[in-house]
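# Architecture at a glance
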Amino acid sequence: MLLTRRLRYLFKMSLAVSLRRALLVLLSGAIFILTVLYWNQGGGKTQAYSEALERPHSHKDGTAFPIPVEKFWTYKCENDRCMRVSYHAGKSAKRVSFITCSMTCGYVNIWPAPTIKSLVSAQTTSFSVEIVQLEMDTPHREVRKQLQLAFDSFLKDLRQIQRLDYATSPAEMGESESSSWSSNNDMVGAATSGQRRSGGLESLLVKISVQKSGDVDFSLDNDESYQLSTITESHRLLVEIKANSFFGARHGLSTLQQLIWFDDEDHLLHTYVNSKVKDAPKFRYRGLMLDTSRHFFSVEAIKRTIMGMGLAKLNRFHWHLTDAQSFPYISRNYPELAEHGAYSESETYTEQDVREVVDFARIHGVQVIPEIDAPAHAGNGWDWGPKRGMGELAVCINQQPWSFYCGEPPCGQLNPKNNHTYLILQRLYEELLQATGPTDLFHLGGDEVNLDCWAQYFNDTDLRGLWCDFMLQAMARLKMANNGVSPKYLAVWSSALTNTKCLPNSQFTVQVWGGSTWQENYDLLDNGYNVIFSHVDAWYLDCGFGSWRSTGEAACSPYRTWQNVYKHRPWERMRLDKKRRKQVLGGEACLWTEQVDENQLDNRLWPRAGALGERLWSDPSDDHDLDIMAPEVFRRISLFRTRLVELGIKAEALFPKYCAQNPGECI
């Protein structure tokens, strides 16, 4: 009996264990099935995230491409607005990227807006940069040379936009990349030695015609107008750019670049099948000033700034090269200036550096205008005169208390009664003119002379007359440096001196930096001066970051938003008549760098400088209230900012990214 009971017990235990095992197997199977169902339900998003994780976006130097892929959104055009819609992989409808929607929905997306005509077709096509070729039609050898360089730069930008220089997986690219640029007489392109990427086009030919002017030197009389048209036949797209000068043709290339975009669905460039643009600027002088004395900026940073200027059709880079804080330029004739005035040996510019910047700027349609500020804003770098037997070249250098003798520390002003001072300026002018080339405009500085500084040394003299004499002497020395020819426009900063009539209005142009409501704006025009507006209350891009010292006024405020920059139209607010309107050569945004170094440069300038570009190129009418901006302007400048970022310019964000992805919702 006992044995029978034990056997029954063992049988029951065995059955229980078997049942437990079966239940565990069933439970595991159920969990597996539920897991599969769960992941399948969110498959679209999971796949998108997985692709994003697996897809390498790093540059060859390890940096990530600045524009991320947004695979789980698609966009549709409704009432001229792109609407964001959730997208799951596997849907029958093709995903539409944000930029493709933006370029095909609503207004033509060009910044600055063309002034005469802009039409694009609803139909688009795709291509890769390798099929783009150039054909030039011009009898002018120098124009041909500059067009070639400009086109090479254009191709380089297209490669950057298409992300060809960034690491990509075979699944993303579809094939390996290899390319070699070739040229044959007047036709050049980006042909590949290996396989070509697919696209809707078999060829894209850019034909540029410049018949009239062979001038490649900058002048306020340059004809910057151009016409652009594109037409597609049998998978071949022909782009024709016609201009009267190299400068107009260069602007045509900038516009063409903005008619092309990268679509992250097929990894190809896209453009319109047909388009027509006719364009010309409203103002001749469209400038941007960078101060490289208060902080040093590398040649590469300056080039990056100029690249943005070319895209925004700004055409004058005003290089405030020296000031009382430092003298970074190594003069061929007087290297002592940099030896005594540069922050360090590495924070200097050679004459070759200046030439490199000038050559780079020219192919982007930008003139470099260097400024050695004088007689004020000149201290460190000028203190070696006695050692060379040349006497005191400057006075009040680093004098304290500084607030008695200058606007901000350190102090220093050139000695107006030392002939060696003028000789040094003449030699500096010679070097800079040789590096920058022929010009009809040169900047002499001339602002904020502190008469109390000079009064310590020349108290028996009419100090304001001494200031005037200095500027006239500087003009005479510039003429000597320029082979006996005085540039047509001699620019000086507005000051107490320009409120007098000592400087001839036939030669001097005044850059007005004061407030837009100041009386001097009217007085200068009434006195017959040409002017360049740089009003501190609108176009000073360094304002709004607080005081950088504990005493005295050391900051302007508030921050000048891109809207402030864009809506500033002093010629309209001042109600200028036709004669005085002609005296306005244009405008210039200024970036003084007390609180800016290379780490902040891009986002202090961009996209606000781009807002100035449209104001001075297009000068669109503005019927809105002072603080209201048209929605299409928001949309276009947002996309322009994206184009800057694509090219490696770290432009400031305009609003939350949600607002960029949902145009019109946040305005």
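Here goes a summary of the coordinates provided. (Residues numbered from 1 in each chain as written. Predicted model: local features only at pLDDT ≥ 70, side-chain atom pairs only at ≥ 80, totals over all residues. Heavy atoms only, no water.)

### With respect to unusual backbone geometry
Backbone torsion omega between Trp111 and Pro112 reads -5 degrees, so that peptide bond is classified as cis. Along the chain, the position of Pro112 falls in the loop between helix H3 (98-104) and strand S3 (117-120). In this chain, Trp606 is followed by Pro607 through a cis amide linkage whose omega measures 5 degrees. With respect to the helices, strands and loops of the structure, Pro607 is situated in the loop between helix H18 (601-605) and helix H19 (608-617). The residue His267 is not glycine, and still its phi comes out positive at about 60 degrees. (Helix = DSSP H or I, 4+ residues; strand = E, 2+ residues; numbered from the N terminus.)

### Quick look at the pattern of salt bridges
Between side chains of opposite charge, pairing is possible as soon as their charged atoms come close. In this structure the tally under the stated criterion is 30 salt bridges. Here Glu70 ties to Lys657 by a salt bridge, and the two come within 3.0 Å at their closest N and O atoms. Of the two residues, Glu70 sits in the loop between helix H2 (43-54) and strand S1 (73-78) while Lys657 sits in helix H21 (residues 657-661), which places them 587 residues apart along the sequence. Its relative accessible area of 16% is what places Glu70 among the buried residues. Accessibility expressed as a relative area gives 44% for Lys657, which makes it partly exposed. Arg580 is the salt-bridge partner of Asp526, the closest N and O atoms lying 2.9 Å from each other. On the criterion of sequence distance, the pair formed by Asp526 in helix H13 (residues 520-526) and Arg580 in helix H17 (residues 578-583) is long-range, its members being 54 residues apart. Residue class for Asp526 comes out partly exposed when judged on its relative accessible area of 46%. A single network of salt bridges, built from pairs that share partners, joins Asp291, Arg294, Asp323, Glu408 and Glu594. (Salt bridge = Lys/Arg side-chain N within 4 Å of Asp/Glu carboxyl O. Buried < 20%, exposed > 50% of the residue type's maximum accessible area, 1.4 Å probe, protein only.)

### Description of the packing of helix H4 (residues 141-162) against helix H6 (residues 246-258)
Axis separation between H4 and H6 bottoms out at 10 Å; the angle between their running directions is 15 degrees. Accordingly, the angle class assigned to the pair H4 and H6 is roughly parallel. Read as a crossing pair, H4 and H6 show a hand that is right-handed. Packed against H4, whose contacting residues are Val143, Gln146, Leu147, Ala150, Phe151, Ser153, Phe154, Asp157 and Ile161, the element H6 presents Phe246, Ala249, Arg250, Leu253, Leu256 and Gln257 at the interface. (Axes fitted to C-alpha atoms, helices over the stretch in contact; angles between N-to-C directions. Parallel < 35°, antiparallel > 145°, perpendicular 65-115°, else oblique. Left-handed = near helix turned anticlockwise from the far one by under 90°. Contact = heavy atoms within 4.5 Å.)

### Here we look at the state of the cysteines
Tallied over the full model, the rule gives 7 disulfides. Two residues, Cys406 and Cys411, share a disulfide whose sulfurs are 2.0 Å apart. When the S-S torsion is -70 degrees, as for the bridge of Cys406 with Cys411, the disulfide is left-handed. The buried category is assigned to Cys411, whose relative accessible area is 1%. Paired through a disulfide, Cys468 and Cys502 show a sulfur-sulfur distance of 2.3 Å. When the S-S torsion is 120 degrees, as for the bridge of Cys468 with Cys502, the disulfide is right-handed. With Cys468 in helix H12 (residues 463-481) and Cys502 in the loop between strand S20 (489-493) and strand S21 (508-512), the pair connects residues that are 34 residues apart, well separated along the chain. (Disulfide = S-S within 2.5 Å.)

### Overview of the sheet that holds strand S22 (residues 530-533)
One closed barrel accounts for 8 strands, arranged S14-S15-S16-S19-S20-S21-S22-S23; its pairing is parallel. Taking the axes of each pair of neighbouring strands and ignoring which way they run, one obtains an average angle of 30 degrees across the sheet. In this sheet, strand S23 (residues 584-591) lies alongside S22 in parallel orientation, the contact comprising 3 bridges. Bridge pairing in S23 places Val531 opposite Val584. On the sheet, helix H7 (residues 299-312) packs against strand S14 (285-291) and strand S15 (316-322) and is oriented at approximately 155 degrees with respect to S15. Packing of helix H10 (residues 419-436) onto the sheet brings it into contact with S15, strand S16 (367-374) and strand S19 (441-445), and relative to S16 it is tilted by some 170 degrees. (Pairing = 2+ DSSP bridges.)

### Some words on the pairing of S20
Counting buried residues in S20 gives 5 out of 5 residues, a clear majority hidden from the surface. Alternating residues of S20 divide into Tyr489, Ala491 and Trp493 and Leu490 and Val492, and every residue in both groups is buried.

### A word on helix H9 (residues 351-362)
Over its 12 residues, H9 runs 17 Å from end to end, which matches the ideal 16 Å to within 8%, given 1.5 Å per residue. For H9, every residue scored as buried is listed here: Glu351, Asp353, Val354, Val357, Val358, Ala361 and Arg362. The buried residues of H9 occupy one face: seen down the axis, they fall within an arc of 170 degrees. Its buried side turned inward, H9 meets H4, H6, H7, S15, S16 and H10. (Expected span 1.5 Å × (residues − 1). Arc of directions from axis to C-beta.)

### Looking at a positive patch on the surface
Taken together, the side chains of Lys117, Lys242, Lys276 and Lys278 make up a positively charged region of the molecular surface. Within the secondary structure, Lys276 sits in strand S13 (residues 275-279). (Patch = residues over 30% accessible without salt bridge, like charges linked within 9 Å, V, L, I, M, F, W, Y side chains within 5 Å. Areas by Shrake-Rupley, 256 points an atom, 1.4 Å probe, with all protein chains shown as cover. Lys, Arg positive; Asp, Glu negative; His and termini not counted. Charge placed at Lys NZ, Arg CZ, Asp CG, Glu CD.)

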